[in-house]
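Chain residues, written in single-letter form:
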Protein chains: 2
Amino acid sequence: MTDEMLKRLATELEKADDITVLTHAHPDGDTVGAGFGLVYYLRGMGKRANVKNSEDFPQKFSYLFKDYADMDFEEKCVISADIADVTLLGDGLSGYADRIDICIDHHKSNRMPAKKSFVDGECCAVSLIIYELIRFMGGSITPLIADCLYTGIATDTGCFMFENTSPEAHRAAADLIGFGAGAAFINREMFQVKSRGRILAEQEIIGSMRFEFGGQMAIITVTNSQIERFGFERSELDGFAGIPVSVEGVRIGVTLKQQAEDPGVFKASIRTVDTDASAIAARLGGGGHNRAAGCTVAGTAEEAAEKVIEAARASL
Amino acid sequence: MTDEMLKRLATELEKADDITVLTHAHPDGDTVGAGFGLVYYLRGMGKRANVKNSEDFPQKFSYLFKDYADMDFEEKCVISADIADVTLLGDGLSGYADRIDICIDHHKSNRMPAKKSFVDGECCAVSLIIYELIRFMGGSITPLIADCLYTGIATDTGCFMFENTSPEAHRAAADLIGFGAGAAFINREMFQVKSRGRILAEQEIIGSMRFEFGGQMAIITVTNSQIERFGFERSELDGFAGIPVSVEGVRIGVTLKQQAEDPGVFKASIRTVDTDASAIAARLGGGGHNRAAGCTVAGTAEEAAEKVIEAARASL
């Protein structure tokens, strides 16, 4: 984010108080890390601030909020962190759709209505924007804030593996480790540890991987019955998105996840090697980034696969 | 590495010429990256230098040497890069065992006989030492050298995921991307792309994972017949080492790989969460780092597994 944008954002935050920071539904490491990181920083400035999600935050991020408790205040400022669109607020926060004062995001497709928007579509993580902001404001970064921001940067860059990993992301990680981020613990929790159920499910799901366009596209499908049968957590599904695109020769990898609340709908996670993933997602009403995007597709697993294959055709 | 050590090493390199840089057998990204990176840097200083390995360098690193050709000279200085012991020279380079002038390494267990040794057991990669050295010497880092050193740092830290990842590793990565390292390409080649054969083999091998000590230890075995049957490359075996230790609750993960040249011997890769991997390896005559170590074990797959289970017992 440019210094000019950081300056304007800092000015907004300095005059704000009694703040609610919203995070997106089905929260990932970046929205959780940026949300809690910002709230801890604002509280450190002597302000009242809470972080909210449509549902409970997943337990896998509990190291970021084990001592967190909501403060009691009458909300005067609402900030959204890492939320590209009102639909991503989720049912629990949908009432905030027309009440957002400050939007902080890194999705170039952002269309969140807000009084003031601070969107850096080139930045790999909102947590990196929050890091830059705190440094710009001369604030101090506690080990807990460092854990939050490291979590967001690491998860949104696939542990510094994805194309979006900038030198700034590495420099921030270096600094955050210096400020006490428990990178080894976080990396293990976020990227390495898998339950036995998840590992066995992975076997079955990979075994039925479908290839299209002469092996240039690969699709895997995760059904509700598999999640039940292998007994793993829905929050463990994140890592599946990277599997199809990891096969040699594959340029577009898609992971279809049947939705728990609506088995007739699949969430498609699209990962690409050299084509614009957000363009494919956009053809199905979704959006995202160059190499990672998503959308929802209605139908049976077979029908959903056919739809994403058609959407991908123009990109190959 | 301390400035004092870097200064002594720089002095040695400045006066050296007609240099052979040795890399270790079954080369990994760090020995290849450090070896070629150092040779390209020395050549840039106007010196004659070659890099050698016991066998041909694996094709998966070909982006680092596609325009490389040996120079013709009478060798006057021999440097070993990332080689902890003479046995790791391999048959092809064993004649160098008593002729090493300068040893540059990051294995705290290093016992390489050399006229001058520069070992930093705290550094995550020899490629990071070479990076620090070039910066210390005020040398310039070409995009190709940046590719070499990024490859070494990224592979030895599991793409910045392992506990050995220091702030310095992240800062070096940031700088190397700035100097033109193709991080996205390298990460994909090193960490993401798997052949279909490898993916299918992984399924079968994970399915027969063995658990010991109430799930605190997990062991997988890769046999020569599996490699043949699934038709993947032996150089693709590196990634298997991280699989057993990724299971929830596992503290010691071991991957046993049957050796092509001697089916009665298994190479054990030991990865740990919170115990000293090198201590376990040492009980079987091997060595390595705190969280990643290795040894060779004779016997059938079953016998090899029993031996590593016994070696691990004292560490749990």
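Residues numbered from 1 in each chain as written. Chains lettered and ligands numbered in written order. Predicted model: local features only at pLDDT ≥ 70, side-chain atom pairs only at ≥ 80, totals over all residues. Heavy atoms only, no water.

Student: What's the story with the overall build of chain A in this structure? I'm lost.
Tutor: Regarding its fold elements, chain A presents 10 helices and 11 strands. Each principal axis of the C-alpha distribution contributes one length, and for chain A these read about 55 × 35 × 35 Å. In chain A, of all internal contacts separated by at least 6 residues, the share reaching a separation of at least 24 is 64%. One way to put it: in chain A the 32 positive side-chain charges average out to a point 1 Å from where the 46 negative ones average out. (Helix = DSSP H or I, 4+ residues; strand = E, 2+ residues; numbered from the N terminus. Contact = heavy atoms within 4.5 Å. Lys, Arg positive; Asp, Glu negative; His and termini not counted. Charge placed at Lys NZ, Arg CZ, Asp CG, Glu CD.)

Student: Would you mind showing me how to read the environment of Arg48 of chain B here?
Tutor: Residue and element names in this part refer to chain B. Considering the arrangement of structural elements, one finds Arg48 in the loop between α2 (29-44) and β2 (49-52). Considering only alpha carbons, one finds Arg48 and Ile130, 82 residues apart in sequence, at a separation of 18 Å. Discounting chain neighbours no more than four positions away, the residues touching Arg48 are Asp17, Asp18, Ile19, Met71, Asp72 and Phe73.

Student: Hey, could you run me through the pairing of strand β11 (residues 292-298) of chain B in this one?
Tutor: The side chains of a regular strand alternate, residue by residue, between the two faces of the sheet. Residues and elements named next belong to chain B. Two elements, strand β9 (residues 265-272) and β11, share seven bridges in a ladder whose sense is antiparallel. From the neighbouring strand, Arg271 faces β11, where its bridge partner is Ala292. Judged from the two bridges that link them, strand β10 (residues 287-288) and β11 form a sheet pairing that is antiparallel. The partner of Gly287 across the bridge, within β11, is Gly294. Between β10 and β11, which follow one another and run antiparallel, lie three residues. (Pairing = 2+ DSSP bridges.)

Student: Explain the nonpolar core here, please?
Tutor: Generally speaking, soluble globular proteins have nonpolar side chains that are buried together. Counting residues in hydrophobic clusters, the biggest one holds 124 residues, and the most contacted among them are Tyr150 of chain A together with Tyr150 of chain B. Beyond its immediate sequence surroundings of up to four residues, Tyr150 of chain B is in contact with Phe160 of chain A together with Phe160, Ala173, Leu176, Ile177, Ala181, Ala183, Ile186 and Asn187 of chain B. (Core = buried A, V, L, I, M, F, W, Y, C linked by side-chain atoms within 4.5 Å. Buried < 20%, exposed > 50% of the residue type's maximum accessible area, 1.4 Å probe, protein only.)

Student: Whenever I open this one, the interface of chain A and chain B confuses me. Can you help?
Tutor: One widely used convention gives an interface's size as the accessible area the parts lose upon coming together. With 36 residues of chain A in contact, the opposing surface of chain B contributes 36 residues. With both sides pooled, the region where chain A packs onto chain B buries about 3300 Å², and carbon together with sulfur makes up 61% of that total. In terms of surface lost to chain B, no three residues of chain A exceed Met161, His170 and Arg188 of chain A, which account for 19% of the buried area on that side. Our count for the contact surface shared by chain A and chain B stands at two salt bridges. Between Arg171 of chain A and Asp175 of chain B there is a salt bridge, and its shortest N-O distance comes to 2.7 Å. Our enumeration of links across chain A and chain B arrives at 16 residue pairs in polar contact (both at pLDDT 80 or more). Elements with a contribution of two residues or more to the side of chain A that touches chain B: α5 (167-178), α6 (183-192) and α7 (196-207) of chain A. (Buried area = accessible area lost by both parts, 1.4 Å probe. Salt bridge = Lys/Arg side-chain N within 4 Å of Asp/Glu carboxyl O. Polar contact = N/O pair within 3.5 Å; in protein donor to acceptor, adjacent residues only side chain to side chain.)

Student: What exactly am I supposed to notice about the sheet that holds strand β5 (residues 116-119) of chain B here?
Tutor: The pairing of strands in a sheet happens through backbone hydrogen bonds and is either parallel or antiparallel. Residues and elements named next belong to chain B. Spatially, the five strands line up as an open sheet ordered β2-β1-β3-β4-β5, and their pairing is parallel. Two strands lie at the open edges of the sheet, namely β2 and β5, each paired on one side alone. If you compare each strand with its neighbour and ignore which way they point, the axes differ by 15° on average. With four bridges joining them, strand β1 (residues 19-22) and β2 adopt parallel strand pairing. The residue of β2 that forms the bridge with Val21 is Val51. Packed on one face of the sheet, helix α1 (residues 3-15) meets β3 (77-81), β4 (102-105) and β5 and runs near 135° to β5. Each of β1, β2, β3 and β4 is contacted by α2, which is oriented at about 170° to β2, the strand it contacts most. (Axes fitted to C-alpha atoms, helices over the stretch in contact; angles between N-to-C directions.)

Student: Please explain the domain arrangement of chain A as it appears in this structure.
Tutor: Residue and element names in this part refer to chain A. The domain boundaries assigned to chain A delineate domain 1 (3-191) and domain 2 (196-313). Taken together, the eight residues of domain 1 in the interface contact 10 residues of domain 2. For the domain 1 and domain 2 pair, buried surface summed over both sides reaches about 740 Å², with 43% attributable to carbon and sulfur atoms. When the area that domain 1 buries against domain 2 is broken down by residue, the three leading residues are Lys60, Lys108 and Glu163, summing to 49%. For the pair domain 1 and domain 2, the interface holds one salt bridge. Linking Glu163 and Arg291 is a salt bridge whose minimum nitrogen-to-oxygen distance equals 2.8 Å. The interface formed by domain 1 and domain 2 contains three residue pairs in polar contact (both at pLDDT 80 or more). Considering only residue class, the side of domain 1 that touches domain 2 consists of one nonpolar, four polar and three charged. (Domains from an automatic or database assignment. Nonpolar A, V, L, I, M, F, W, Y, C, P; charged D, E, K, R; others polar.)

Student: Just checking my understanding: could you explain the sheet that holds β11 of chain B for this structure?
Tutor: Residue and element names in this part refer to chain B. Ordered in space as β6-β7-β8-β9-β11-β10, the six strands form an open sheet in which the pairing is mixed. The sheet terminates laterally at β6 (210-212) and β10, the two strands that pair on one side only. Direction of pairing for strand β8 (residues 252-258) relative to β9: antiparallel, over a ladder of seven bridges. Across the sheet, residue Gln258 finds its bridge partner in β9, namely Phe266. Of the strands in this sheet, β6, β7 (217-222), β8, β9 and β11 touch helix α10 (residues 301-313), which is tilted by about 155° from β7.

Student: Where do I start with the environment of Arg251 of chain A in this structure?
Tutor: Residues and elements named next belong to chain A. Position of Arg251 among the secondary structure elements: in the loop between α8 (224-230) and β8 (252-258). For Arg251, a relative accessible area of 23% puts it in the partly exposed group. The spatial distance from the C-alpha of Arg251 to the C-alpha of Ile19 is 43 Å, given a sequence separation of 232 residues. Not counting the four nearest positions on each side in its chain, Arg251 is found in contact with Gln216, Val245, Arg271, Thr272, Val273, Asp274, Thr275, Ser315 and Leu316.

Student: Can you walk me through the confidence of the model for chain A in this structure?
Tutor: The predicted coordinates should not be examined in detail at positions where pLDDT is low. In the predicted model, chain A carries a mean pLDDT of 95, and the fraction of residues at 70 or more is 100%. Scoring of the predicted complex yields 0.88 for pTM and 0.87 for ipTM. (pLDDT = per-residue confidence, 0-100.)

Student: Honestly, the relation of the copies chain A and chain B in this entry has me stumped. Any pointers?
Tutor: Look at the two chain copies: a rotation about an axis and a shift along it is all it takes to match them. Between the two copies, chain A and chain B, the superposition gives an RMSD of 0.0 Å; the rotation angle is 180° and the shift along the axis is 0.0 Å. Overall, the copies show the geometry of a two-fold rotation axis. A share of 100% of the interface residues of chain A reappears at the interface of chain B, consistent with the copies meeting face to face through the same patch. (Least-squares fit on C-alpha atoms with pLDDT ≥ 70 in both.)

Student: Explanation requested: the packing of helix α2 (residues 29-44) of chain A against helix α4 (residues 143-156) of chain A in the structure shown.
Tutor: Between two packed helices, the angle of one axis relative to the other and the distance separating the axes together describe the packing. Residues and elements named next belong to chain A. The geometry of α2 relative to α4 is characterised by a closest axis approach of 7 Å and an angle of 155° between their N-to-C directions. Classed by the angle they form, the pair α2 and α4 counts as roughly antiparallel. Pair α2 / α4 crosses with left-handed handedness. Contacts from Gly29, Asp30, Gly33, Phe36, Gly37, Tyr40 and Tyr41 of α2 reach α4 at Leu144, Ile145, Cys148, Leu149, Thr151, Gly152, Thr155 and Asp156. Classifying every residue of the contact of α2 with α4 gives seven nonpolar, six polar and two charged. (Parallel < 35°, antiparallel > 145°, perpendicular 65-115°, else oblique. Left-handed = near helix turned anticlockwise from the far one by under 90°.)

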